[in-house]
Amino acid sequence: MTRVRALRIPALAGIGPGLLASLVIAGAAAFLADRYSGPIMLFALLLGMAMNFLSDVDRCKPGVNFASKTVLRLGVALLGFRITFGQIVELGWEPVVLVVSVVTLTILVSTWAARAMGFRTEFRILSGGATAICGASAAMALSAALPAHERKERATSFTIIGVSTLSTIAMILYPAISNLFGFDDHHAGIFIGATIHDVAQVVGAGYAISPEAGDTATVVKLMRVAMLLPVIVTVGLWARRRGGHGEGERPPLLPWFVTAFAALVVVNSLVPLSELVRETGNVASRACLVAAISALGIKTHFQEIVEIGWKPVVLMVLETLFIAGLALLAIWAGWL
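Please read these numbers as outputs of a predicted model, since none were measured by experiment. (Residues numbered from 1 in each chain as written. Predicted model: local features only at pLDDT ≥ 70, side-chain atom pairs only at ≥ 80, totals over all residues. Heavy atoms only, no water.)

Draft legend 1. Examining the side chain of Thr320 more closely. With respect to the secondary-structure elements, Thr320 resides in helix α16 (residues 311-332). Here Thr320 is in contact with Thr131, Leu166, Tyr174 and His197, once residues within four sequence places are set aside. (Helix = DSSP H or I, 4+ residues; strand = E, 2+ residues; numbered from the N terminus. Contact = heavy atoms within 4.5 Å.)

Draft legend 2. Expanded view of the packing of aromatic side chains. Evaluation of the coordinates by the stated rule reveals six aromatic pairs. Aromatic pair Phe119 and Phe123: ring centres 5.0 Å apart, planes at 55°, arrangement tilted. A cation over a ring is seen here: Arg35 above Tyr36, with NZ or CZ 5.2 Å from the ring centre. Across the ring face of Phe119, the terminal group of Lys311 is positioned such that the distance to the ring centre comes to 5.8 Å. (Phe/Tyr/Trp six-rings, centres within 6.5 Å; stacked < 30°, edge-to-face > 60°. Lys NZ or Arg CZ within 6 Å of the ring centre and 35° of its normal.)

Draft legend 3. Structural view of empty space enclosed by the protein. Overall, the coordinates contain one cavity of 30 Å³ or more when judged by the stated rule. The wall of the largest cavity is formed by Val76, Leu228, Leu229, Ile232, Phe257, Val258 and Phe261. Among the secondary structure elements, those contributing two or more residues to the lining of the largest cavity are α12 (228-246) and α13 (256-270). Of the residues in the lining of the largest cavity, the class split is seven nonpolar, no polar and no charged. (1 Å grid on protein atoms, 1.4 Å probe; cavity = no way out; pocket = protein on both sides within 12 Å on 5 of 7 lines; lining within 4 Å. Points joined across faces, edges and corners; volume = space filled by probe spheres on them. Nonpolar A, V, L, I, M, F, W, Y, C, P; charged D, E, K, R; others polar.)

Draft legend 4. Looking closely at the layout of surface pockets. Reported here for the second largest pocket is a volume of approximately 430 Å³. Lining the second largest pocket are 17 residues, with Ile107, Thr111, Ile125, Thr234 and Val235 sitting closest to its centre. Of all the secondary structure elements, the ones that give two or more residues to the lining of the second largest pocket are α5 (93-116), α6 (121-132) and α12. Of the residues forming the lining of the second largest pocket, the biggest block, six residues, is contributed by α5.

Draft legend 5. Representation of the packing of α6 against α16. At their nearest, the axes of α6 and α16 sit 10 Å apart, and the two run at 35° to each other. For the pair α6 and α16, the sense of crossing is right-handed. Within the contact between the two elements, α6 uses Phe123, Ser127, Gly128, Thr131 and Ala132 and α16 uses Pro312, Leu315, Met316, Glu319, Thr320 and Ile323. Grouping the constituent residues of the contact of α6 with α16 by class yields six nonpolar, four polar and one charged. (Axes fitted to C-alpha atoms, helices over the stretch in contact; angles between N-to-C directions. Left-handed = near helix turned anticlockwise from the far one by under 90°.)

Structure (structure tokens):
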């Protein structure tokens, strides 16, 4: 017994300080988000960046790395508690076609535009995927699936700041746009669910219109979240072909967190889980992602973000306008 404790305590002590720091920052972000009704992911990243000096503390490094990688992957896996096949069937086939088309076209056009603007492949995937799928959560999931690269974390941080800011702006503007165009609750919910980046902002904007619009927006949004699986598999195939930037180890075809995500979707769809279990899974997923983003913020230098320049801002605004335009076109054309 003494020997087992002697082996385990150093391992726990190694990640303890950095992990604790990430959790404390995540708690502070949750308080601020609740107090000021702001985006918790953005608060977590900015607070983490304010505590960047911890990245130079040797005792904190293992725990911060653990939170930004392992805890992140766990949070992505637990996103599976949000989705069931029944939610998708309930809306009919038209919104499914819309979501698949919007996500696919947004990623393809975003990747093409980012390439034309001279960005690296990593940022093309991150910005396009985050805009098309589920904002900061998608950025974190795609970052976890991408091969290691010295600029990946900086690109991830910028993407999270961009999609969180644009999501908050959209949450304020899109209900007014829905009113301006005379959308009924069903179409307003589809428009909001198909266009706003982060789940929290979709919920806020949808239920600001009506309960029916909120329900529709949430389900459409969760259908976009479900697209995370095929997109990550595609990114994993690409990363495997590249061979991990010459590190000698090819990334797995299906990372464990993607397999866990898919398994939870199946279980959540086929097994009658209680609402308590589902809600616990959702809360745990959110907590893991916020803690992971806090850790990412600790590892991010503000100067690195500033040095990126104005072009990424333009790209992400154009991506946001593009996905909104596709949804509006589908509604005006009577496809829904």
